[in-house]
Amino acid sequence: MLEIKNLKASINNKPILKGLNLNIKPGELHAIMGPNGSGKSTLANVLSGKNGYEVSGVLNYKGENLKEIPVEVRAQKGIFLAFQYPLEIPGVNTNIFLKTSLNSILKAKGDKELDSLAFLKLVREKSLELGIDEKFLSRQLNVGFSGGEKKKNEILQMKILEPYLSILDETDSGLDIDALKIIAKGVNSSRSSKKSFLVITHYQRLLDYIKPDFVHVLADGKIVKTGCGELAQELEKTGYTKLN
Amino acid sequence: MQNFEINSNQIDKIKKITLEEKNFRFKNLELFNASGFPNNRLEDWKFSDFKNIVYNNFDELDTKKVSSDFNKMDLLKDFEHNYIFLVNGNLHSSNFSYEDKNKIKINTYDKSIDYKISTNPLICLNHALAENGYSLEIEKNYKFKKVLVIYNFFTNDVKNKILNNKNKITIKENSELHVVEYTINETKFINNVYENIILEKNAKFKNLIVQSKKSDGFFYKFIKNKLLFNSESSNLIFSSGLKFNKLDLECDLTEENSRCNILSALFLNKNEHQEIKTLVNHLAPNCKSNQKVKNVLSTECKGVYQGKIYVKDIAQKTDAYQLSKALLLEDSAEFNSKPELEIYADDVKCSHGSSSGNIDEDSLHYLMTRGLNQKDSKNLLIKGFLNDVIDFIKSPSIKKFIESKLDQQINEY
């Protein structure tokens, strides 16, 4: 699904990722942990195609060179990034945005676009499944949403758009236990042999609810340690400083 | 074009006028000829040098009368409505089939001359030469059932002419009127309009300004609103697509509890120039005014907002709000904003704000990571920016109509 070799990324000549290797196969869930400033969010941004980074190394998604694929086409090909800080877009209705988004992805796939009725049915079903109040879908996109609502909205988008590769950038930060469970439910109910996840987190807490196949530790722009679920628990006890 | 002066025999040609009116017209013509078109040395015109704009765009220009002959009347099908049809500013026909006709008086303009002498050369020109327009009066206790569309249709005969029109709307006690002013024109000409709007006690007036499509016309309109006790006026401006447009709104809140709203959502394309200038006079206590001007500017265009709030010493408990926001899509776009507050009362709430900026790159990226291409993402952000003004339109069919007009403009970019 995703093959990263010797990935280097810098912004304003400042190197952040310094030769990162990662291989995610279909159906796998990888967690990336690491201290502040280790490059976790940069990795998420680079994968989503954000401007401003100088990127080198191998970055393949389903056999294609991701570096040459524009941002929106990445989304159309099934890459989804749940933002650490979802943006507030004033004046844009959440439902209308979601419908436009879904239809542009369906269109790119060559599938039939959904009309308003079919879309509403889908949204209702997915929000019910996650236990999200569908009322906030009639509000402006993320405007005046609480931190938890914004994150839940990201997961709802993920459920609706059904990506192959979902990248969750610290989606668990700042959430209460109930919201955390909703996020976990959204991820767990989406898992299948065709879908992969890259979950970026600070804390082991989320991994109590989402069972990763691999846990990687990112430090100073490189993956310094890889293990299974127990690695996260170990880190929780010892902290990152003991790693070296 | 170098110099522009109007011969006084133009006034001699106006028929059936009293000596008094004739003198009033002569005096105004003299004032206009002495100053010519307003230029940027006048404070009110500092961002829109009209003289320069006219001289750069017209090789010839005259004020001769034009025929109002035409035979094609295309009415809007987007929503049910009454209408007044103006041809080159002349009252051509009207239809109030949804209303009680006894409650409505419609006439050509009544030619009253009880105007103060103005320092604005275009108003002088209007006072000197205007002989067309309409006068609409709504009787007491009557609420319009359907919207009234004022079709402002210009034939190709107006090319290289200056048309001076004068209109008046009076809404009497407890009555309500909702107007959509719809301009249809493609020709290069100048339209100089003076409009008087009087709202009596408890009257309500909503005026929505829009045009059919892009136009090479140069429009200036002065609208004088006089509001009496507990009356409310709302001006909603959606006149995108004009080569030049300046709306000069003056709103006198003369009695308690009167309220005025001035809102605009504009999208300017290449070589378009629009100015909204407002003067809200709080002359009595407990009045409320709300101004929100939103401009999106694409490339090589200019937007201007000059907004002034005046609060008289007796106008305590005034609540006045003013906001101007501009979204600049290219470096070649220019937006000028000049907010002014002049307050002589000590127990008032007056706030104003002004900002201009570019499209937020992070917001754009967010939308694009959801599969929307750059153009669609930009369009969504632009519409989002303008939406809070559009949401002021309560009728779904009219809202849809306005949105489609804005989309035309946005899609051209």
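Residues numbered from 1 in each chain as written. Chains lettered and ligands numbered in written order. Predicted model: local features only at pLDDT ≥ 70, side-chain atom pairs only at ≥ 80, totals over all residues.

Colleague: Explanation requested: the environment of Val180 of chain B in the structure shown.
Modeller: Residue and element names in this part refer to chain B. Looking at the secondary structure, you find Val180 in strand S7 (residues 176-184). In this structure the C-alpha to C-alpha distance between Val180 and Tyr83, which are 97 residues apart in sequence, comes to 9.2 Å. With residues up to four places along the chain from it excluded, the contact list for Val180 reads Val147, Val149, Leu208, Val210 and Ile398. (Helix = DSSP H or I, 4+ residues; strand = E, 2+ residues; numbered from the N terminus. Contact = placed C-beta atoms within 7 Å.)

Colleague: Quick question: what am I supposed to make of unusual backbone geometry here?
Modeller: Residues and elements named next belong to chain A. Its identity as a non-glycine residue notwithstanding, Asn142 has a phi of 65°, on the positive side. Structurally, Asn142 can be placed in the loop between helix H4 (116-130) and helix H5 (147-161). Judged by the 22 C-beta atoms lying within 10 Å of it, Asn142 falls in the buried class. (Buried ≥ 20, exposed ≤ 12 C-beta atoms within 10 Å, placed from the backbone.)

Colleague: What is the right way to look at the interface of chain A and chain B in this model?
Modeller: The accessible area lost on association of the parts is a frequent measure of interface size. Taken residue by residue, the interface counts 20 residues in chain A and 18 residues in chain B. Looking at the side of chain A that touches chain B, the elements with two or more residues in it are helix H2 (71-76) and helix H3 (94-109) of chain A. At 6 residues, H3 of chain A tops the list of elements feeding residues into the side of chain A that touches chain B. For the side of chain A that touches chain B, a count of residues per class yields 11 nonpolar, 7 polar and 2 charged. (Nonpolar A, V, L, I, M, F, W, Y, C, P; charged D, E, K, R; others polar.)

Colleague: Explanation requested: the pairing of strand S9 (residues 214-219) of chain A in the structure shown.
Modeller: Moving residue by residue along a regular strand, the side chains alternate between the two faces of the sheet. Residues and elements named next belong to chain A. As judged from the 4 bridges shared by strand S3 (residues 29-33) and S9, these two strands associate in the parallel manner. Bridging from a neighbouring strand, Ala31 pairs with Val215 of S9. Across 5 bridges, S9 lies against strand S10 (residues 222-227) in antiparallel orientation. Looking at S10, one finds that His216 is bridged to Thr226. In this structure, the hairpin formed by S9 and S10 is closed by a connection of 2 residues, where Asp220 is found at a positive phi of approximately 50°. (Pairing = 2+ DSSP bridges.)

Colleague: Where do I start with the sheet that holds strand S12 (residues 242-253) of chain B in this structure?
Modeller: Residues and elements named next belong to chain B. In space, the 9 strands of this open sheet follow the order S3-S4-S6-S8-S10-S12-S14-S16-S18, with mixed pairing throughout. Every other strand in the sheet has two partners, leaving strand S3 (104-107) and strand S18 (334-343) as the edge strands with one partner each. Neighbour to neighbour, the strand axes of the sheet diverge by 10° on average, direction disregarded. The sheet contact formed by strand S8 (residues 190-199) and strand S10 (residues 215-227) spans 10 bridges and is parallel. Paired with Leu199 across the two strands is Leu227, which belongs to S10. Running over the sheet, helix H4 (residues 121-129) touches strand S6 (162-171), S8 and S10 and is turned about 85° from S8. (Axes fitted to C-alpha atoms, helices over the stretch in contact; angles between N-to-C directions.)

Colleague: Help me out: how do you make sense of the confidence of the model for chain B in this one?
Modeller: Here chain B averages 94 in pLDDT, while 99% of its residues score no lower than 70. Listed scores for the predicted complex are pTM 0.90 and ipTM 0.95. (pLDDT = per-residue confidence, 0-100.)

Colleague: Whenever I open this one, H3 of chain A confuses me. Can you help?
Modeller: Structural remark: α-helix, 3.6 residues per turn; residues separated by three or four positions point the same way. Residue and element names in this part refer to chain A. Taking 1.5 Å of rise per residue, the 16 residues of H3 would be expected to cover 22 Å, and the 23 Å separating its terminal C-alpha atoms lies within 8% of that figure. Here H3 has its buried residues at Thr94, Phe97, Leu98, Lys99, Thr100, Ser101, Leu102, Ser104 and Ile105. Residue Gly110 follows H3 closely and has a positive phi angle near 85°. (Expected span 1.5 Å × (residues − 1).)

Colleague: Please explain the sheet that holds strand S1 (residues 2-11) of chain A as it appears in this structure.
Modeller: Adjacent strands of a sheet form backbone hydrogen bonds with each other and so pair up, either parallel or antiparallel. All names here are of chain A. Pairing is antiparallel across the open sheet formed by 4 strands, whose spatial order is S2-S1-S4-S5. Of all the strands in the sheet, just strand S2 (14-24) and strand S5 (64-65) have a single pairing partner and so form its edges. Relative to S5, strand S4 (residues 53-61) runs antiparallel, the two being bridged by 2 bridges. If you follow Tyr61 over to S5, its bridge partner there is Glu64. Docked against the sheet, helix H1 (residues 40-48) engages S1, S2 and S4, running at close to 70° with respect to S2.

Colleague: Please explain the packing of H5 of chain A against helix H6 (residues 177-188) of chain A as it appears in this structure.
Modeller: In helix packing, the relevant descriptors are the interaxial angle and the interaxial distance, both defined with respect to the helix axes. Residue and element names in this part refer to chain A. Remark: H5 packs on H6, axes separated minimally by 10 Å, with the N-to-C direction vectors making an angle of 10°. Relative to H6, H5 is oriented roughly parallel. Counted together, Gly148, Lys151, Lys152, Ile155, Met158 and Lys159 of H5 and Ala179, Ile182, Ile183 and Gly186 of H6 form the full contact between these two elements. (Parallel < 35°, antiparallel > 145°, perpendicular 65-115°, else oblique.)

Colleague: Quick question: what am I supposed to make of H4 of chain A here?
Modeller: All names here are of chain A. For H4, with 15 residues, the first-to-last C-alpha span of 21 Å sits near the 21 Å given by 1.5 Å per residue. Regarding H4, the residues found buried are Val123, Lys126 and Ser127. When H4 is viewed along its axis, its buried side chains cluster within an angular range of 95° and face the same direction. H4 presents Leu117, Ala118, Lys121, Arg124 and Leu128 as exposed residues on the side facing more than 90 degrees away from its buried surface. Buried-residue contacts for H4 involve H3 and H5. Of the residues flanking the end of H4, it is Gly131, one or two places downstream, whose phi is positive at about 70°. (Arc of directions from axis to C-beta.)

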